[in-house]
Amino acid sequence: MNHSTEIILTIAGIVLVHGLIFYFLTRKARLIKGKHVVVTGGSSGIGLWAAIECVRLGAHVTIIARNVPLLEKAKEELEKRRIRDTQMIQFRSLDLAKNYGEVTNTLEELERTVGSIYMLINCAGMAICGTVEDTSIEDARKLMDVNYFATYYPTRYVLPKMKAAGDGIIVITASQAALMGIYGYGAYAASKFALRGLAETIAMEARHRNVSVTLALPADTDTPGFENENRTKPEETKIISGSGGLAKPEHVGKRIVQDALKGSFFSIMGLESWVLSILCVGMAPWRGPLLCFVQFYLLGPLRLIGLALQWNFQRIIKNCAKQRQRT
């Protein structure tokens, strides 16, 4: 075999490998053009940009939140990005955590006027920071209501309908705090861990009915909610969570939609999120041989990195405690 033949075969092998990788990563992508997508928390931040991506892909989009002026402004933004005049863009003002009956009535009315909900993107949520003992009982309950039940209620409504139809997509937006407990995020992390449990359960219950669930794990993102979060964040939390930088909501929202359409269970952005998703994969659902191969070979080495990170976090906490004692 001459040198030229070896080069040709090497190039062909590289192309074949990359082609297989591309196939595994894209073969499950679905289309939402002409279908009804509901986005909760869609008036701003990640939810708004997820809705924008769905509009760009030709879907009929309904955004749900509480603040009417923000919803009206968001609707105008979505209407500018229509690709077809027949696309329906609308909003509903609703407290998703208040009453399951109200959520049911609103979603039923939406399905009568727009059509059955093909994709539900849960982005409603909030953060209140503080150590466990410094977080009030009222705030802990509020976090569970807004982060968990405001996702559980609409998901509970659409799930049996999607299973009966034999098709559908559910997105549950959690956080990196759904993968590990972090200083100052006690009550918040508990609500996000609950969302991971919900997502894994739905994935097991509904996969055989062609209903997919995607658990979005965004890092710190430049949203109005993040600004509010920083007002209650302890110094230790700022240092620990600040190492990952600040993502742009337009990038996160687009990635979540794209990952959901591909059928990915985890939706992540950036190296830090990727490492955490491998470290904390646990009993997460199967998503193809390529990803499982990577998880198998990297889990051991990454565990050592995880231990080093935990040591660094403890060092930060001790240093902050010493500084407070001096002042």
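Just so we're clear, the structure is a prediction, and the values are computed from it rather than from any experiment. (Residues numbered from 1 in each chain as written. Predicted model: local features only at pLDDT ≥ 70, side-chain atom pairs only at ≥ 80, totals over all residues. Heavy atoms only, no water.)

Quick word on the overall build of the protein
Our working definition: Secondary structure counts use DSSP, requiring at least four H or I residues in a row for a helix and at least two E residues in a row for a strand, with both numbered from the N terminus. Based on C-alpha atoms, the radius of gyration is set beside the globule rule, defined as 2.2 Å times the residue count to the power 0.38. Exposed residues in this analysis have more than 50% of their type's maximum accessible area, buried residues have under 20%, and partly exposed residues fall in between, with area computed by a 1.4 Å probe over protein chains only. Should any heavy atoms of two residues lie within 4.5 Å, those residues are counted as being in contact.
Looking only at helices and strands, one finds 11 helices and 7 strands in the protein. The C-alpha radius of gyration of the protein comes to 21 Å, within 12% of the 20 Å expected for a compact globule of 327 residues. Expressed as a percentage of its 327 residues, the buried residues of the protein come to 45%. For the protein, restricting intrachain contacts to residue pairs at least 6 apart in sequence, the fraction spanning at least 24 positions comes to 75%.

Things to note about helix H5 (residues 137–165)
Here is the rule: Here a helix's expected span is defined as the number of its residues, less one, multiplied by 1.5 Å. Fitting one axis to the seven residues ending at a residue and another to the seven starting there, the bend at that residue is the angle between the two axes.
Here H5 spans 41 Å end to end across 29 residues, near enough to the 42 Å set by a 1.5 Å rise per residue. For H5, the principal kink sits at Phe149 and spans about 35°. Backbone geometry just downstream of H5 places Gly166 in the positive-phi region, at approximately 75°.

A few points about the confidence of the model for the protein
To be explicit about the condition: The pLDDT value tells you how sure the predictor is about a given residue, anywhere from 0 up to 100.
For the protein, per-residue confidence averages 88 on the pLDDT scale, and 91% of positions sit at 70 or higher. In the model, residues 15–20 has pLDDT below 50 throughout and makes 0 contacts with residues more than four positions away in sequence or in other chains.

Considering the packing of H5 against helix H6 (residues 186–206)
Applied cut-off: In this description, a line fitted to the C-alpha atoms serves as the axis of each element, helices being fitted only across the stretch in contact, and the angle between N-to-C directions of two axes falls anywhere from 0 to 180 degrees. Angle categories: roughly parallel below 35 degrees, roughly antiparallel above 145, roughly perpendicular from 65 to 115, and oblique for all the rest. Under the grouping applied here, Gly and all other residues not named as nonpolar or charged are polar, the nonpolar ones being Ala, Val, Leu, Ile, Met, Phe, Trp, Tyr, Cys and Pro and the charged ones Asp, Glu, Lys and Arg.
Relative to each other, H5 and H6 sit at 10°, their axes nearing to 8 Å. Comparing the axis directions of H5 and H6 gives the class roughly parallel. Contacts between H5 and H6 involve Ala140, Leu143, Met144, Asn147, Tyr148, Thr151, Tyr152, Thr155, Leu159 and Lys163 from the former and Ala187, Tyr188, Ala190, Ser191, Lys192, Ala194, Leu195, Leu198, Ile202, Glu205 and Ala206 from the latter. A per-class count over the contact of H5 with H6 returns 14 nonpolar, 4 polar and 3 charged.

Some points on the UniProt feature "transmembrane region" (unreviewed entry) in the protein
Applied cut-off: UniProt positions are given in the numbering used here, feature names are shortened, and annotations may be inferred rather than shown by experiment.
If you check UniProt for "transmembrane region" (unreviewed entry), the listed places come out as residues 6–25, 264–284 and 290–309 in our numbering. When the span residues 264–284 is considered, its composition is 48% helix and 10% strand, and the gap between its end C-alpha atoms is 11 Å. Taken end to end, residues 290–309 is 100% helix and 0% strand, and its first and last C-alpha atoms sit 27 Å apart.

Some points on the nonpolar core
Note the following rule: We call a set of buried residues a nonpolar core when its members are Ala, Val, Leu, Ile, Met, Phe, Trp, Tyr or Cys and they connect through side-chain atoms within 4.5 Å of each other.
Membership of the largest hydrophobic core comes to 56 residues, with the highest contact counts inside it found for Ile170 and Ile172. Among the elements of the structure, helix H4 (100–113), strand E4 (117–122), H5, strand E5 (168–173), H6, strand E6 (211–216) and helix H11 (289–326) are those that each provide at least two residues to this core. If one sorts the elements of this core by residue count, H6 sits on top with 9 residues. Residues Ala50, Leu78, Met119 and Ile169 belong to the second largest nonpolar core, which totals 30 residues.

Here's the deal with the packing of helix H2 (residues 45–56) against helix H9 (residues 249–262)
Inclusion rule: For any pair of crossing helices, the crossing counts as left-handed if the nearer helix is rotated counterclockwise from the farther one by less than a right angle, and right-handed if it is rotated clockwise.
Viewed as axis vectors pointing N to C, H2 and H9 meet at an angle of 55°, and their least axial separation amounts to 7 Å. Looking at the two axes, H2 sits oblique to H9. In this structure, H2 meets H9 at a crossing whose hand is right-handed. Each of Gly45, Ile46, Trp49, Ala50, Glu53, Cys54 and Arg56 in H2 lies in contact with H9, whose residues at this interface are Pro249, Glu250, Val252, Gly253, Lys254, Ile256, Val257 and Gln258. Split by residue class, the contact of H2 with H9 holds 8 nonpolar, 3 polar and 4 charged.

Considerations on the side chain of Thr135
In plain terms, the rule: Polar contacts, as used here, are pairs of N or O atoms within 3.5 Å; protein pairs need one atom able to donate a hydrogen and one able to accept it. Residues neighboring in sequence count only if both atoms are side-chain atoms.
One can find Thr135 in the loop between E4 and H5. On the accessibility criterion, Thr135 (13% relative accessible area) is buried. Only 2.9 Å separates the side chain of Thr135 from the backbone oxygen of Thr131, close enough to count as a polar contact. Discounting chain neighbours no more than four positions away, the residues touching Thr135 are Gly130, Ala140 and Ala187.

Comments concerning the packing of aromatic side chains
What counts here: Ring pairs shown here join Phe, Tyr and Trp side chains whose ring centres sit within 6.5 Å, with only the six-membered ring taken for Trp; geometry is labelled stacked below 30 degrees between planes, edge-to-face above 60, and tilted in between.
Within this structure, the stated rule accounts for 10 aromatic pairs. Geometrically, the ring pair formed by Phe293 and Tyr297 is tilted, given 4.8 Å between the ring centres and 50° between the ring planes. In this pair, Phe293 and Tyr297 are both assigned in helix H11, 4 residues apart and thus about one turn of the helix distant. Overall, the relative accessible area of 52% leaves Phe293 in the exposed class. Of the residues examined, Tyr297 reaches a relative accessible area of 52% and is grouped as exposed. Each member of the aromatic cluster is reached from another via a ring pair, and the members are Tyr100, Tyr148, Phe149, Tyr152 and Tyr153.

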